[in-house]
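Coordinate analysis (summary)
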Amino acid sequence: MKKLLSVISIIAAILILAIPALAMPEATVKDTFENPEIPGYSLPYNLFLPEDYNETTYYPVILFLHGAGERGNDNSNQLANYLPDLYATSPELMGGAIVIAPQCPNDEQWVNTPWEVGTYSVDEIPESNALNTALKLLEYVVDTYGGDRCRIYITGISMGGFGTWDAIMRHEEIFAAAVPICGGADPTKAEILKNFPIITYHDTADRTVPADGTKDMVKAIRATKNKNIKFKILNGYGHGAWLAAGVDAEMIDWLFAQNLATRYPEAADTQPRETEPPVTEPPVTEAPITEAPATEAPLVDTSDSGNNSFVTIICVAVVAVVAIAAVAVIVTKKKK
């Protein structure tokens, strides 16, 4: 019986570890993007296209900016946190969107400011090469793969939370909505975002990036009479606020409901894409693997995932049950 219990424990552990990976689809394109305006500067990226992608349809676009622990040039570590939870929580919406996940190089940041401060001055800190390149990549993807210019969204965690705030403060006209998570911003630029839809998350006990930075930014934006900003104050997640955001189905529904034409009606008529443009997929680039420190975060329960993820999990569970039953039969026969 002890042997049986040991085998069951091992199978259960494998099942639990496999569930997040099953929720994440394979990238359609894995490549490196060269910034046309910064010679010699590039970012690895993963691009996810909808399963039913066709060349005559416009799709919502999400630009995801990862945290500091996922930096490097392996072009895979940036997918470790938050993004798999979004796919597991809302597979239909996420699976119907174009998702871009660039990777920031080691020793660089989306915003060149100390994280422990929580606020900074946009006027004193130029846009980083990494963020500038990510935005150029966004432009390339929208033009090449038929991104809907009225439904471009940006979200990021920790270092990427700073990047999300920075992108919308400098380029609010590009994005329909934003979800910055445990980042920091410049409260003096709140007026720029007076009509901008935002949901932001931060834990009061965050010891890496102080929540006061988000609190100050939200307070400043609310002072502009912006009624479309929501601040989800957390307790118990520490610096892992993305664990709450990733499984927030209401947030994902809200995000995909936002449209740039609400702020800029003329945006509805700015789709430059031809009816049937040629779409070419860049070759897969094999980058050398480097080790980046993992972002510290507790485990999260993804049992409330969407239908597709749920079916996958059930299938895996069935296989596990069959395996357990087979082991039980073998152990019973040996005893006899």
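Structural notes, computed from the coordinates.

Analysis parameters
- Residues numbered from 1 in each chain as written.
- Predicted model: local features only at pLDDT ≥ 70, side-chain atom pairs only at ≥ 80, totals over all residues.
- Heavy atoms only, no water.
- Helix = DSSP H or I, 4+ residues; strand = E, 2+ residues; numbered from the N terminus.
- Buried < 20%, exposed > 50% of the residue type's maximum accessible area, 1.4 Å probe, protein only.
- Contact = heavy atoms within 4.5 Å.
- Areas by Shrake-Rupley, 256 points an atom, 1.4 Å probe, with all protein chains shown as cover.
- Pairing = 2+ DSSP bridges.
- Axes fitted to C-alpha atoms, helices over the stretch in contact; angles between N-to-C directions.

Quick word on the overall build of the protein chain
- A tally of regular secondary structure across the protein chain gives 9 helices and 8 strands.
- For the protein chain, with 336 residues in total, the buried portion stands at 51%.
- In the protein chain, the share of contacts with a sequence separation of at least 24, taken over all contacts with a separation of at least 6, comes to 77%.
- If you sum the accessible surface of the protein chain, you get close to 16,000 Å²; carbon and sulfur atoms cover 56% of it.

Notes on the sheet that holds strand S3 (residues 59–65)
- Taken together, 8 strands build an open sheet; the order of strands is S1-S2-S4-S3-S5-S6-S7-S8 and the sheet is mixed. Each edge of the sheet is formed by a strand with only one pairing partner; in this case those strands are strand S1 (29–34) and strand S8 (229–234). Here the average twist between neighbouring strands, direction ignored, is 20 degrees.
- Judged from the 6 bridges that link them, strand S7 (residues 198–203) and S8 form a sheet pairing that is parallel. Bridge assignment links Thr200 to a residue of S8, and that residue is Phe231.
- Its contacts with the sheet put helix H6 (residues 211–222) on S7 and S8, and the angle it makes with S8 is roughly 155 degrees.
- The sheet strands contacting helix H8 (residues 249–257) are S3, strand S5 (147–157), strand S6 (177–181), S7 and S8, and the helix crosses S6 at an angle near 145 degrees.

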